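Architecture and fold: a report
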Amino acid sequence: MTNSTRRDRIKTLLSQGVSAAKIAEEVGCAPSTVHRIRNGQGSRKGNRAAYMTVTAKVTQGECEALDGLVMRGVAPSRSALIRDLVRRSGGYYEPSPEEEALLAGASQHLSRLGGNFNQIARALSASVRKTGRADPTAAQIEELRRANDEVQRIRGVIGAMLHNAQVKSDRLRETVSAVEGDFDE
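Residues numbered from 1 in each chain as written. Predicted model: local features only at pLDDT ≥ 70, side-chain atom pairs only at ≥ 80, totals over all residues. Heavy atoms only, no water.

On a plain count of helices and strands, the chain comes out with 7 helices and 2 strands. What you see in the chain, going N to C, is helices and strands ordered as α-α-α-β-β-α-α-α-α. Within the chain, buried positions represent 19% of all 185 residues. Approximately 13400 Å² of the chain is accessible, and the part contributed by carbon and sulfur atoms is 53%. (Helix = DSSP H or I, 4+ residues; strand = E, 2+ residues; numbered from the N terminus. Buried < 20%, exposed > 50% of the residue type's maximum accessible area, 1.4 Å probe, protein only. Areas by Shrake-Rupley, 256 points an atom, 1.4 Å probe, with all protein chains shown as cover.)

With that settled, consider the side chain of Glu143. Here Glu143 lies in helix H7 (residues 138–184). Residue Glu143 is classed as buried on the basis of its relative accessible area, which comes to 19%. Those residues in contact with Glu143, other than ones at most four positions away along the chain, are Asn116 and Ile120. (Contact = heavy atoms within 4.5 Å.)

Taken N-terminus to C-terminus, the directions of helix H2 (residues 20–27) and helix H3 (residues 31–38) make an angle of 115°; their axes are 8 Å apart at the nearest point. In this view, H2 runs roughly perpendicular relative to H3, as classed from their interaxial angle. For H2 against H3, the interelement crossing comes out right-handed. Taken together, the residues of H3 that come into contact with H2 (itself represented by Ala20, Ile23 and Ala24) are Pro31, Val34 and His35. (Axes fitted to C-alpha atoms, helices over the stretch in contact; angles between N-to-C directions. Parallel < 35°, antiparallel > 145°, perpendicular 65-115°, else oblique. Left-handed = near helix turned anticlockwise from the far one by under 90°.)

Over its 13 residues, helix H1 (residues 3–15) extends 18 Å from the first C-alpha to the last, a length consistent with the 18 Å expected when each residue adds 1.5 Å. With its phi angle positive at about 85°, Gly17 sits one or two positions after the end of H1. (Expected span 1.5 Å × (residues − 1).)

A cluster of nonpolar side chains, Leu103, Ile158 and Leu162, forms an exposed patch at the surface whose accessible area comes to about 230 Å². On the accessibility criterion, Leu103 (32% relative accessible area) is partly exposed. (Patch = residues over 30% accessible without salt bridge, like charges linked within 9 Å, V, L, I, M, F, W, Y side chains within 5 Å. Salt bridge = Lys/Arg side-chain N within 4 Å of Asp/Glu carboxyl O.)

Of all hydrophobic cores here, the largest spans 9 residues; its members are Ile10, Leu13, Ala20, Ile23, Ala24, Val27, Cys29, Val34 and Ile37. Elements with a contribution of two residues or more to this core: H1, H2 and H3. The biggest single contributor to this core is H2, with 4 residues. Residues in contact with Ile23, not counting those within four places in the same chain, are Ile10, Leu13, Leu14, Val18, Gly28 and Val34. Counting residues in hydrophobic clusters, the runner-up holds 5 residues, among them Leu69, Ala75, Ala80 and Leu81. (Core = buried A, V, L, I, M, F, W, Y, C linked by side-chain atoms within 4.5 Å.)

We now examine the confidence of the model for the chain. Here the chain averages 79 in pLDDT, while 86% of its residues score no lower than 70. Per-residue pLDDT, averaged within each element of the chain, yields its smallest value for strand S1 (residues 44–45) (55) and its largest for H2 (90). (pLDDT = per-residue confidence, 0-100.)

Below, the structure written as structure tokens:
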């Protein structure tokens with residue numbers, strides 16, 4: 001099965017409401033591939049996006065401006081700088097390795113919290129069936145409070161990461177403006 005045939009089959013099965021796990025099993029791919037197609041994300045190589053080559057004509061001054069930014073350490077290469085500019089101007093957020101690790105940890109915490117919520121909901125549902133009303137235990141109430149605190153901490157960290165991304169974007173704009181100013185003189 002070719003990649004485009006596989007992609008079309010996945011889209012068809014998704015439109016029919018088939019679960020990602022069943023689609024992956026039928027088509028012979030990972031469930032994450034199904035999720036990426038469902039969410040409209042592009043192809044991937046390993047854990048990163050697959051790149052495409054795009055060419056653009058620039059003036060000598062524009063090329064020197066790019067090289068000046070690279071020399072200042074804004075990016076390791078022209079390509080990396082242009083990718084970064086495109087991503088930032090398009091609102092694409094790319095976390096740092098530290099932020100990626102933090103997001104992975106947050107994702108694990110949220111998964112565990114979801115499991116805890118399901119257990120508590122199951123117990124409360126059983127309580128309603130037996131007594132006609134939900135009767136949470138002190139331990140269940142405390143677990144819900146701890147979970148709420150954890151969610152608030154995760155929200156704070158994600159808020160800080162988004163603020164950090166905005167600061168990085170502002171600095172990049174300032175640097176680009178300064179370099180443009182150097183070439184205007």
